[in-house]
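# Residue-level structural notes
These are the residues of each chain, in order.
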Amino acid sequence: MSSRGLEGVVATESAISAITDGRLVYRGIPVETAVNEGSFAEVAWLLWHGRLPTQAQLGHLEDHLASAGELPRDVVTRLRGLPPTTPMLVALREGVGALALTPQSLNLQSSNLQSSSLQSSSLQSSNPHSSAVRLVGALPAIAAQFYHVAEGRPLFAPRVSGSLAARFLHAVRGEVPPPQEARALDQALILYADHELNASTFAARVVASTLADMYSAVIAALCTLKGPLHGGATAEVWRFLASIESPADAASRVDAALEAGQRIPGFGHRVYRGPDPRALVFRQLAARVGGQQRWLPTADAVAEAVYARKGLYPNTDLYSVVFLQALEFDIELATAVFALGRMAGWTAHILEQYANNRLIRPRAQYTGPEAAEWTPIGQRG
Ligand code: CMC
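Here goes a summary of the coordinates provided. (Residues numbered from 1 in each chain as written. Predicted model: local features only at pLDDT ≥ 70, side-chain atom pairs only at ≥ 80, totals over all residues. Heavy atoms only, no water.)

Okay, the packing of helix α8 (residues 164–173) against helix α9 (residues 179–192) next. How two helices pack is summed up by the angle between their axes together with the distance between the axes. At a minimum axis separation of 8 Å, α8 and α9 run at an interaxial angle of 115°. For the element pair α8 and α9, the recorded crossing hand is right-handed. Note on element contacts: α9 touches α8 through Glu181, Ala182, Leu185, Asp186 and Leu189, opposite Leu164, Ala165, Ala166, Phe168, Leu169 and Arg173. Class assignment of the residues belonging to the contact of α8 with α9 gives a composition of eight nonpolar, no polar and three charged. (Axes fitted to C-alpha atoms, helices over the stretch in contact; angles between N-to-C directions. Helix = DSSP H or I, 4+ residues; strand = E, 2+ residues; numbered from the N terminus. Left-handed = near helix turned anticlockwise from the far one by under 90°. Contact = heavy atoms within 4.5 Å. Nonpolar A, V, L, I, M, F, W, Y, C, P; charged D, E, K, R; others polar.)

Structure follows, in structure tokens:
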């Protein structure tokens, strides 16, 4: 018997993250500990290497992330050539596609293939790790660059010091962000960094299992993230909350949506049937950064109404949107943040797939006709 949506199917082994009894851990460390104690760069290193970096390793990594944020001219040109109405996740995919074609990336990819002779073990060389660092470091710059393209503005000169989140905020706003906002965004990226075998990570692993390069696998992940049942839910939540005038209107808005047979964005989860632990932390971040804003009590009222009617809890998207709106992001920029964090997890999973590869090629249960005739074209009705 097949399982629709592979629900409950254990499709691979992974040592990167786990969801057990409603708790999320990265390499054995509870996500809440990582958020409270760590930086996003440390978490990326942890996901890639399975251990925390030393001070020297962290410094080295931060330098490389910063230099990856200085985008090659061809990438900027590609982003500037996109229609301003391009959805952010499409722009990110285009930016990664352009990055893959720069001489530096092509050298990395071809040396992977030459040295490997398509043997997975040799793909463990340092090159895929370099690509991973490059992708994590470049994606915020791609998002910020396209944000300005869409708004018809030139890009601010990239700032090279500070955390990846601080550089991103600076690139978006054109001014040094308050440290508490940069820290909160860094923590949000940690929350997004990995989530076991979610749909986009699975897509990335399928591509990596053919021994295609890391850029191709990441583009597949970005395409998968775009759908409203996954990262596209961010935009849906945004529109839903924006459509509610005051917290007092939340319950009737929920009723109207449910009566129309719609799902409430930001609720429900394939794996968590109880609370999503990330939602609780996102709510804290939202309260810390934008406690006076209208959207937090509205989201709380929606959560109360959905729980009362469906017994469903908020997933990560409900309060992440409240948080990102409090940071004065717009809907498109908010959509990018999930990808900026998850890039760490995608690349970690791609590395893990390369390190112990077996082509992912499942079977399908055939439900078509047993035997059918080939009707000549002139006789078809
Ligand atoms: N609103 C209303 N009802 C819902 C919702 C929702 N958001 N989510 C699930 N349900 C209902 C569903 O209709 C079903 O009810 P019934 O048994 O009466 O038919 C029941 O809950 C079980 O749902 P399911 O279809 O078995 O759940 P699933 O595992 O296939 O879906 C999901 C998981 C995330 C796709 C779904 O909850 C959903 O569509 N949520 C809204 C979109 C969303 O917020 N996505 C972000 C997911 S978390 C971040 C990420 O990973 O991207």
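There is more to say, and it comes next.
Further remarks concern the packing of aromatic side chains. On inspection of all chains with the given rule, the structure shows six aromatic pairs. On the numbers, 5.2 Å between centres and 55° between planes, the contact of Tyr192 with Phe282 is tilted. Here Tyr192, found in helix α9, pairs with Phe282, found in helix α14 (residues 277–290); they are 90 residues apart in sequence, far enough to count as distant. The pair formed by Tyr192 and Phe282 is uniform in burial state, with each residue classed as buried. Summarising the aromatic geometry, the rings of Tyr307 and Tyr313 are spaced 5.1 Å apart at their centres and angled 50° between planes, so their arrangement reads as tilted. The exposure class of Tyr307 is partly exposed, given its relative accessible area of 43%. Through pairs of rings, three or more aromatic residues link up here, namely Tyr192, Phe282, Phe323 and Phe338. (Phe/Tyr/Trp six-rings, centres within 6.5 Å; stacked < 30°, edge-to-face > 60°. Buried < 20%, exposed > 50% of the residue type's maximum accessible area, 1.4 Å probe, protein only.)

Further remarks concern the pattern of salt bridges. One pass over the full model with this rule turns up ten salt bridges. Residue Glu7 pairs with Arg273 through a salt bridge whose shortest N-O separation is 3.5 Å. One end of the pair, Glu7, is in the segment before β1 (17–20); the other, Arg273, is in the loop between α13 (250–259) and α14, and 266 residues separate them in sequence. What makes Arg273 exposed here is its relative accessible area of 58%. Here Glu181 makes a salt bridge to Arg173, at a shortest N to O gap of 2.6 Å. Judged by its relative accessible area of 18%, Glu181 falls in the buried class. (Salt bridge = Lys/Arg side-chain N within 4 Å of Asp/Glu carboxyl O.)

Our next topic: the sheet that holds β1. Think of a sheet as strands paired side by side through backbone hydrogen bonds, with each pair either parallel or antiparallel. Taking strand neighbours across the sheet as the criterion, the three strands line up as β1-β2-β3 in an open arrangement whose pairing is antiparallel. Two strands in the sheet have a free side with no partner beyond their single neighbour: β1 and β3 (29–30). In the sheet, strand β2 (residues 23–26) pairs with β3 via two bridges, with the strands oriented antiparallel. For Val25, the partnering residue across the bridge sits in β3 and is Pro30. (Pairing = 2+ DSSP bridges.)

Here the focus is helix α16 (residues 316–326). Burial analysis of α16 places ten of its eleven residues in the buried class, which makes it a mostly covered element. Considered for burial, the residues of α16 that qualify are Thr316, Asp317, Leu318, Tyr319, Ser320, Val321, Val322, Phe323, Leu324 and Ala326. On its buried side, α16 packs onto α9, α12 (233–242), α14, α15 (295–310) and α17 (331–355). Looking at where α16 begins, the residue whose side-chain oxygen comes 2.9 Å from the main-chain nitrogen of Asp317 is Asn315. Backbone geometry just after α16 places Glu328 at a positive phi near 70°. (Polar contact = N/O pair within 3.5 Å; in protein donor to acceptor, adjacent residues only side chain to side chain.)

A word on the nonpolar core. A general feature of soluble globular proteins is that nonpolar side chains tend to end up buried together. Ranked by internal contacts, the top residues of the largest apolar core, which has 115 residues, are Tyr26, Leu92, Phe168, Leu185, Val302 and Phe323. Tallying contributions element by element places α17 first for this core, with 14 residues. Viewed by domain, this core spans two of them, domain 1 (15–226 + 331–355) and domain 2 (233–326), each represented by three or more residues. Residues in contact with Phe323, not counting those within four places in the same chain, are Ala184, Leu185, Ala188, Phe282, Leu285, Ala286 and Val289. (Core = buried A, V, L, I, M, F, W, Y, C linked by side-chain atoms within 4.5 Å. Domains from an automatic or database assignment.)

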